[in-house]
Amino acid sequence: MSQQIYQALQRGANAEAAALAHQAIATAPTDVETLSAAALAFRSNGERDAALSTIDAAIAQMPDNAELHFLRAGMLLDTRDLGGAQAALAQTIALDPNQYGAYVVQAQMAIGRNDLAEAERQSKLAARVAPEHPWTLMLEGTVASRRGDHDRALSLLTAASQRAPEDVQVLNALGFAYLAKGHLAFAEQAFRRILEKTGHAPLRGLLAQILFQQGRPAEAADEIAALMTDPAHVSPSMQTFAGELELQARRFDRARPLLQAAFAAHPESRRATNGLLLLWEATDNTEETRDTLDAALARDAQWDHLWLARLAMESFGSDVSRELIARWTAARPEHVPALQAQLALEAGTGELEAAEATARKIAELQPGHGNANEFLFNRLLGRDPDAAVAFAEGLLPAASAPARVMLRRWIAMAQDKAERPADAMATWMALNVEATANVGAPPAPSAAPASWPEIGTVEGTVRPTVFLYGPPGAQADRIANPLQRALPEFRSDRFTTPIQDAFQDTTVPVRLAAGEFTGEQVADSWVAQLPARGIGDGAVIDWLPFWDNAWLLALRTRMPHARLLLALRDPRDMLLDWLAYGTPLAMKITDADSAATWLAAHLAQLADLIEQDLFPHTVVRTDAPGEDLERLASRFAEALGVPTFPTPPRALLGPDRIPAGRWLAYRDVLAGPIATLTPVAVRLGYRQD
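Quick caveat: nothing in here was measured; it's all calculated off a predicted structure. (Residues numbered from 1 in each chain as written. Predicted model: local features only at pLDDT ≥ 70, side-chain atom pairs only at ≥ 80, totals over all residues. Heavy atoms only, no water.)

## Thoughts on the side chain of arginine 569
Positionally, arginine 569 belongs in the loop between β4 (563-568) and α31 (571-581). Buried arginine 569, no salt bridge; nearest opposite-charge side chain is aspartate 573, N-O distance 4.1 Å. Non-local contacts of arginine 569, meaning those with residues more than four positions away in its chain, are made with Gly473, Ala474, Gln475, Met574, Asp577, Thr622, Asp623, Asp656, Ile658, Pro659, Ala660 and Tyr686. (Helix = DSSP H or I, 4+ residues; strand = E, 2+ residues; numbered from the N terminus. Buried < 20%, exposed > 50% of the residue type's maximum accessible area, 1.4 Å probe, protein only. Lys, Arg positive; Asp, Glu negative; His and termini not counted. Salt bridge = Lys/Arg side-chain N within 4 Å of Asp/Glu carboxyl O. Contact = heavy atoms within 4.5 Å.)

## Some points on unusual backbone geometry
Residues other than glycine seldom take positive phi values, yet arginine 250 does so here, at roughly 60°. Checked against the element boundaries, arginine 250 lands in the loop between α15 (236-248) and α16 (252-265). Judged by its relative accessible area of 60%, arginine 250 is exposed.

## Observations concerning the confidence of the model for the chain
Taken over all residues, the pLDDT of the chain has a mean of 85, while the share at 70 or more is 88%. Overall, residues 91-98 carries pLDDT values under 50, and its contacts beyond four positions in sequence, including any with other chains, amount to 18 contacts. (pLDDT = per-residue confidence, 0-100.)

## Description of the sheet that holds strand β2 (residues 490-491)
Overall, parallel pairing links the 5 strands, which are arranged β2-β3-β1-β4-β5 in an open sheet. Sheet topology places β2 and β5 (617-621) at the edges, where each strand pairs with a single neighbour. Relative to β5, β4 runs parallel, the two sharing 5 bridges. Paired with leucine 564 across the two strands is histidine 617, which belongs to β5. (Pairing = 2+ DSSP bridges.)

## Considering the packing of helix α21 (residues 336-348) against helix α22 (residues 352-365)
Taken N-terminus to C-terminus, the directions of α21 and α22 make an angle of 160°; their axes are 8 Å apart at the nearest point. What the angle tells us is that α21 and α22 run roughly antiparallel. The handedness of the crossing between α21 and α22 comes out as left-handed. Mapping the contact onto sequence places Val336, Leu339, Gln340, Gln342, Leu343, Glu346 and Ala347 in α21 and Leu352, Ala354, Ala355, Thr358, Ala359, Lys361, Ile362 and Leu365 in α22. (Axes fitted to C-alpha atoms, helices over the stretch in contact; angles between N-to-C directions. Parallel < 35°, antiparallel > 145°, perpendicular 65-115°, else oblique. Left-handed = near helix turned anticlockwise from the far one by under 90°.)

## Regarding the pattern of salt bridges
Side chains that differ in sign of charge can pair as their charged atoms come close. Here the structure, examined in full by the defined rule, presents 43 salt bridges. Glutamate 314 is paired through a salt bridge with arginine 290; the nearest N and O atoms lie 2.7 Å apart. One end of the pair, glutamate 314, is in the loop between α19 (304-312) and α20 (319-331); the other, arginine 290, is in helix α18 (residues 286-299), and 24 residues separate them in sequence. One exposure class covers both glutamate 314 and arginine 290, and it is buried. Between arginine 379 and glutamate 356 there is a salt bridge whose closest N-O contact spans 2.9 Å. A residue pair is termed long-range when its members are at least 10 positions apart, and arginine 379 in helix α23 (residues 370-383) and glutamate 356 in helix α22 qualify at 23 residues. Glutamate 356 shares its class with arginine 379; the two are buried. Members of the salt-bridge network, linked through shared partners, are Glu188, Arg192, Arg204, Arg216, Glu219 and Glu223.

## Focus on helix α14 (residues 217-227)
Buried within α14 we find Pro217, Ala220, Ala221, Glu223, Ile224 and Leu227. Across the axial projection of α14, the buried residues extend over an arc of 155°, all falling on one side. Buried residues along α14 sit against α12 (184-198), α13 (203-213) and α15. (Arc of directions from axis to C-beta.)

## Structural notes on α15
Taking 1.5 Å per residue as the helical rise, α15 with its 13 residues ought to reach 18 Å, and the 18 Å between its terminal C-alpha atoms agrees with that figure. The set of residues buried in α15 consists of Gln239, Thr240, Phe241, Ala242, Gly243, Glu244, Leu245, Glu246 and Leu247. Backbone geometry just downstream of α15 places arginine 250 in the positive-phi region, at approximately 60°. (Expected span 1.5 Å × (residues − 1).)

## Comments concerning the environment of threonine 647
Residue placement: threonine 647 occurs in the loop between α33 (629-640) and α34 (671-683). Linking threonine 647 and glutamate 630, residues 17 residues apart in sequence, is a C-alpha distance of 5.7 Å. For threonine 647, the contacting residues outside a window of four places in its chain are Leu629, Glu630 and Ala633.

Written out as structure tokens, the structure reads:
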């Protein structure tokens, strides 16, 4: 009867095969071939316990049969008994060292737990038994892919697929290798072939992800819709994903029931809630979304994201937003997120006394709460700086390491505000020495050449190129902000991404001055990176993290059409700002004297550039840029070579961290450094004392 069982299994008639298996066991309960066939039938029909007990009965009759132990391992894997499966596979190999399938399964199990060394060992053992088998290549390719060697993985798996083009396991491994390499279209093709062969519906979810990554949301949504025709695959997370895809495809009528069903089933899901908000935004169906969120909050007020979503639908500070926050705090009076919303409302609408009371309540409930403590600190800073110092010092013992750094900066700020310059400088210097201990020293300025090369001529019409630079402490960010807001050509990417050109390398200027580089090489390296930075036509305002006059050897000869925009202020205030707040290009600071010596030499180059007019330039004084916004706009226009530039809003200039002339309060504390900087300050147009 075992042959009849196998024939039923081949036709996919699993229930029939299981029925035949029960009859066969009743007739021949100790026949190993019958028990083996019956176990396979039970396994195929989902009767896992019966399958395992039946294969155990077969093994009891023939304990030295390696094939039976191999079948038992597969059944244990079905039940996620990985330890039992591993033991069964080990027994299989002990009985038959040439049992190829056991090595394959053990390798796949090792890959599943990311034990690539063990997977490689098992793969090599399998290769000894069947070196030409497609699965041997499949295992090697899968291990290579997991190790990031994607080219070798694709080579091995393509070869395996050529040997066994219809093998589902090989196709599966090949599909994931294509995904790892980013070959989405090939991955899609591989998984579609598996779906056609197996009908394995969950693959549609993976296909949907691949289609979406290719920018085909409608097709991705159709795959999920096909998957969810089977109720077994319908879940709130799947409905949310499908709804998101339908939104991307702008099929709002299809998105609505999916997202509403997902939210109704799981209002605690942030993703489902966000999907509902995206639907509202896309369709302007405000009332329906408000009603849905209000109903959910009426049923259960514990979900913070629902309150925040509901608040997002109202104007800040409006009567409705006030009412919502009142409802939230009434429902959860000691709940920090609700109190945070109240604090934001009160602080943002100028109700500072009420905000301070709320902040104190938050700090009592959660002593390390950053926003509440910052608000309380700033309130004290405004009315009693010494009390602000004590407040921040009181928070230090319980603070985490990152929070301690922030609190020490608060302390220095308050010490400065309290007219305690010696204390403030001691705190700032200790922070600087720690923060810059593992970075390089400031680059030494290059020596000026005996004579500068002639400035080249500008031929034809060229797109404007402006290089923005501000020395440490010059607060260049205050003028960068309005430029970045107004001009899509503005680039600040050098501060977040190492651009692979000469202007990014602080070691190049000295080598350029020494003749190790040519101006042409420097300029060409800059041009070569423009497409990757989205600057196809060369029009750019490029914010440089570092400057040295050696760059002029390149700009004068190869880029005469460019212009420099220099942010400068009193060098003595620059030093103070640098020591207090650092600079985007981290440079080692060991003491104030060496920092001042370097800054003086650095600024002397800029003074040379200005006095000798070494290159077209515009200077923007950042001592108090907000005092004359129209003059600031005219300086921008001059730098950009345009008739006018819009007057920037004062808010875009950001806070004045170190007010102009603040260095005067530090004349005694920084007497030596200030004396070092005074000559170059005078050269740049500032007072002697």
